[in-house]
Amino acid sequence: MKVLMLGWEYPPQIAGGLGMACEGLTRALAGKDLDITFVVPQLYGQEQATHMNLVDSYTLPASQERIVGQKLERVYVPANLKPYWSNHDYLTSLSAFDSIQEYNLSIPVAPAALNRPPGKVHYGWNLMEEVRFYADRVIHAFAEKEFDIIHAHDWMTFPAAVALAKLTGRPLIVHVHSLESDRSGFGSNQEIEAVERLGFNWASKIIAVSHYTKNKIKKFFGIQDDKIGVVHNGIYGRRTKEHYISQKTNDQKIVLFLGRVTYQKGPEYFVRAAQKVITEYHNVRFVLAGSGDQLDSVKQLANDLGVKDYFNFPGFIRGEQIEANYNNADLYVMPSVSEPFGLTALEAANFSTPILISKQSGVSEVINNSLKFDYWDIDRLADLIVNALKHDELRQELVTMAGQELKSVRWDVAAKKTREIYQELGK
Amino acid sequence: MSSVCFYFQVHQPFRLKKFSVFNQQNDLDYFSPENEVILKKVAEKCYLPTNQVLYDLIQKYPDKFRVSFSLSGVALEQFEKYSPQTLDSFKRLVATGNVEILGETYYHSLAAVYDKDEFYAQVKKHSDCVKKHFGVTPQVFRNTELIYQDYIGQMVSDLGFKAIVAEGADDILDWRSPNFIYQVPGRDCSLMLKNYRLSDDIAFRFSNQGWKEFPLTAEKFASWVHQISGGGDVLNLFMDYETFGEHQWSNTGIFDFLWHLPEFVLRHPDWEFATLSEAIAKYPRVSEMHFNRLTSWADLERDLTAWNGNQIQQKSIRQIYEIKDLVLKSESNSLIDTWRKIQTSDHYYYMCTKWFADGDVHAYFSPYESPYDAFINFQNVLANFSQVLAKQLKEEYRI
């Protein structure tokens, strides 16, 4: 079976859990009778993916304004196509997908002259431009290639995926690692949500990374229950605590936050809880690792609340630095407002660090042996942190029991479920 | 002749209220307002209707129907507070003369395992309480959750009890049958063992539609009882009283089952019902029985790990008994009583982590979302209690 996977990032150049999840899933999936071609917007040279054909969309030939190929002749190219669309124009066009009849499909076509947009990571002010660019290259490169299933990860790849599915008649799986409403809360970008809706409506099957996310898709998009499967993310046994010599020289406790410093991840709750924690437990250091649009305001908040001296802000960290931080932490805290899965919590648990996670997360479905709270309940968060720091026995029990659960949270389990969905669609 | 010996355990803990680590209160108000709600609900679904069925059965078979109860002190205290009607209905049952009340620790605690003097004090308090309410003094002992080992039988014998009940655990019984009366080694004290298969057929499997014996009728169960004829003196059916109407809901037919059971059991002329005291007076002790490990009626393991199997439970238990001398030194009835209510075994049971991820029976009976929440709430209460205690002791010394 040949699977065309459309993704947005691949390790080590990643902005979050999406790339990690794609690596984990494809590594476990590939092999036997399964060939995977995985297309990302751009590669950076350090990727290691011998298990599949990893493709950089920039190496794909850009389309010409005139579309070739028999199948593609049926494609309708809007007359108002302009060489340089604004994001708004592009999204208007995307929204139009909804009402487009079969074979009367609008595909955005980028001019051959369009060069790579600036910026290394494909998120930011020009994200829409990237989405358009990616869709264009992918559609024209793969419309006539042989594959059995299209498997698309998150909304950025949905325009390309939906167009290919329509053109080729191949079944489409859209895989939801996060929703726009998770990332932005009430300030959701409605245009992005329109793209998500497009993907959900046109997909043969939706894979959600948690029941939490499945329920959101059902609730907000009105998708029927049996169209959505749940495949929890997994984890590979990597280096463990024994690999690292503890860098701790005193009995000061370390509480770790690691993730994008954005609304979704709840960094503000972490800082506000810290202020309460230190009234009951003094010998503690809070590490808030990551970067994001709230980093400055969070630092300012720590300053305003008078807890700055209890904090470290190492910024964006990767690789060994991440592992060292998991290893040194006495407690990992994930106060996410809305977390479809929460792979970092799983990684922390894999380093034998007890985890404290919001109930609004997918990972809380797979690691029951964790401390859980509602993300808005700062008093409760502080209460749990104090108790976790005070009682060695509590941390040890959490780690021991979570370790048993981790044994069944594996990528090969996720791969098995995904293969079942492939087979179901292949019939 | 042979006898069916029913013993029903009636217990409700004083559950703790949600207590934050930042709570700095100075009173001893640690208990949940939910306790009243739960007690009234269980009284309505179980205690009152089941007591009525038993009362009617006694009226129907005044010479042949008997049952025994163990009522924990903390349950009696809550009846008195929240449902005097329930207490009255138990009094009415005891007044028939066909119902025996067993002895136990007032606080349904683990004191037998951790502190002998504390155990004695709580047993005495319970006996006094039973005497006050029912006018009788318990003669047969039932330890918390049937926790038992030889030395517990010996302690109970020292306190003057004539018999004690325990779990008929397979590894202890070996080839022997639970359907005879045994003896605590070296003591003039009888040992009555639970027949867990037949007990659990009622308590756990009654409404299980996947069970091959479903549906369980009184007639069918009575035929199993009769099969014991000639091969045993007693059939000890020990179970939570909440089996009737609470664990097995009324619509499962459990009350009809109970109502009709004596009729079918008594159709065989060799069978009758007996209280535990009657049974030990009537039948011989066949031999001594050694319990060389701590047993209980919980889980497949029939051990204590549901209460003390993990380190958060062990820490909490250690802490509660560590402060005993200070608490007693305060000579404050309210401090001592509160401390003992926090000894109730349920608080430690809620912290059980084995099988937690599977969402099993432990989770069903817990007011907490997780064993870790249970531990943290307990620790927050205990820390506050210790502060209040320290303050009180300090003030006394100043005087």
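Scroll up for the structure.
Residues numbered from 1 in each chain as written. Chains lettered and ligands numbered in written order. Predicted model: local features only at pLDDT ≥ 70, side-chain atom pairs only at ≥ 80, totals over all residues.

Asks: How should I be thinking about the overall build of chain A in this particular structure?
Replies: Across its full length, chain A carries 15 helices and 13 strands. In chain A, which comprises 427 residues, the proportion classed as buried is 48%. Sequence-distant contacts in chain A: of pairs separated by 6 or more residues, those separated by 24 or more amount to 69%. (Helix = DSSP H or I, 4+ residues; strand = E, 2+ residues; numbered from the N terminus. Buried ≥ 20, exposed ≤ 12 C-beta atoms within 10 Å, placed from the backbone. Contact = placed C-beta atoms within 7 Å.)

Asks: Please clarify how the interface of chain A and chain B should be interpreted in this entry.
Replies: Opposite the 19 residues of chain A that make contact, chain B presents 16 residues. Those elements giving two or more residues to the side of chain A that touches chain B turn out to be helix H8 (267-280), strand E13 (371-373), helix H13 (378-390) and helix H14 (392-406) of chain A. At seven residues, H14 of chain A tops the list of elements feeding residues into the side of chain A that touches chain B. Across the side of chain A that touches chain B, the residue classes break down as six nonpolar, five polar and eight charged. (Nonpolar A, V, L, I, M, F, W, Y, C, P; charged D, E, K, R; others polar.)

Asks: Mind showing me how you'd approach the pairing of strand E4 (residues 149-153) of chain A here?
Replies: Residues and elements named next belong to chain A. Burial within E4 is extensive, with five of its five residues counted as buried. Across the two faces of E4 the burial is the same, with Ile-149, His-151 and His-153 and Ile-150 and Ala-152 all buried. The sheet contact formed by strand E1 (residues 2-6) and E4 spans four bridges and is parallel. If you follow Leu-4 over to E4, its bridge partner there is Ile-150. Pairing geometry for E4 and strand E5 (residues 172-176), over four bridges, is parallel. Paired with His-153 across the bridge in E5 is His-175. Following the chain from E4 across helix H4 (residues 158-168) to the adjacent parallel E5, one finds a crossover that is right-handed. (Pairing = 2+ DSSP bridges. Right-handed = clockwise from strand over helix to strand, strands pointing away.)

Asks: Where do I start with the sheet that holds strand E9 (residues 284-289) of chain A in this structure?
Replies: Hydrogen bonds between backbone atoms are what pair the strands of a sheet, whose relative direction is either parallel or antiparallel. Residues and elements named next belong to chain A. Ordered in space as E10-E9-E8-E11-E12-E13, the six strands form an open sheet in which the pairing is parallel. At either end of the open sheet lies a strand with only one pairing partner, and these are strand E10 (311-315) and E13. Each strand axis lies, on average, 20° off the axis of its neighbour in the sheet, ignoring direction. Both strand E8 (residues 253-258) and E9 contribute to a ladder of six bridges, which runs parallel. Considered in E9, the bridge of Val-255 is made with Phe-286. The strands that H13 touches are E8, E9, strand E11 (331-334), strand E12 (355-358) and E13; relative to E13, the one it contacts most, it runs at about 165°. (Axes fitted to C-alpha atoms, helices over the stretch in contact; angles between N-to-C directions.)

Asks: Even after reading the chapter, I still don't get the pairing of strand E1 (residues 2-10) of chain B, so can you show me in this structure?
Replies: In the case of a regular strand, side chains alternate between the two sheet surfaces. Residues and elements named next belong to chain B. Among the nine residues in E1, nine count as buried, and that is most of the element. Alternating residues of E1 divide into Ser-2, Val-4, Phe-6, Phe-8 and Val-10 and Ser-3, Cys-5, Tyr-7 and Gln-9, and every residue in both groups is buried. Of the strand pairs in this sheet, E1 and strand E8 (residues 234-240) are connected by seven bridges, and their pairing is parallel. Looking at E8, one finds that Gln-9 is bridged to Asp-240. As judged from the four bridges shared by E1 and strand E2 (residues 67-71), these two strands associate in the parallel manner. The residue of E2 that forms the bridge with Tyr-7 is Ser-68. Handedness of the crossover joining E1 and E2 through helix H1 (residues 34-60) is recorded here as right-handed.

Asks: Would you take a moment to explain H8 of chain A for this structure?
Replies: One turn of the α-helix equals 3.6 residues, which is why residues spaced by three or four share an orientation. Residues and elements named next belong to chain A. Taking 1.5 Å per residue, 14 residues should reach 20 Å; H8 reaches 21 Å between its end C-alpha atoms and fits that length. Most of H8 is tucked away, with ten of its 14 residues classed as buried. Where H8 is concerned, the buried positions are Pro-267, Tyr-269, Phe-270, Val-271, Arg-272, Ala-273, Ala-274, Lys-276, Val-277 and Ile-278. The elements touched by buried residues of H8 are E8, E9, helix H9 (295-304), E11 and H13. (Expected span 1.5 Å × (residues − 1).)

Asks: Hey, could you run me through H4 of chain A in this one?
Replies: Counting buried positions over the eleven residues of H4 of chain A gives ten, a clear majority of the element. Within H4 of chain A, burial applies to Phe-158, Pro-159, Ala-160, Ala-161, Val-162, Ala-163, Leu-164, Ala-165, Lys-166 and Leu-167 of chain A.

Asks: I keep staring at the packing of H1 of chain B against helix H3 (residues 84-95) of chain B and nothing clicks. Help me out?
Replies: Packed helices, taken two at a time, are described by the angle between their axes plus the distance between the axes. Residues and elements named next belong to chain B. For the pair H1 and H3, the least separation of the axes is 10 Å and the interaxial angle reads 20°. What the angle tells us is that H1 and H3 run roughly parallel. The crossing of H1 and H3 is left-handed. Here Ala-43, Tyr-47, Leu-48, Asn-51, Leu-54 and Tyr-55 of H1 lie close against H3, whose contacting residues are Thr-86, Ser-89, Phe-90, Arg-92 and Leu-93. (Parallel < 35°, antiparallel > 145°, perpendicular 65-115°, else oblique. Left-handed = near helix turned anticlockwise from the far one by under 90°.)

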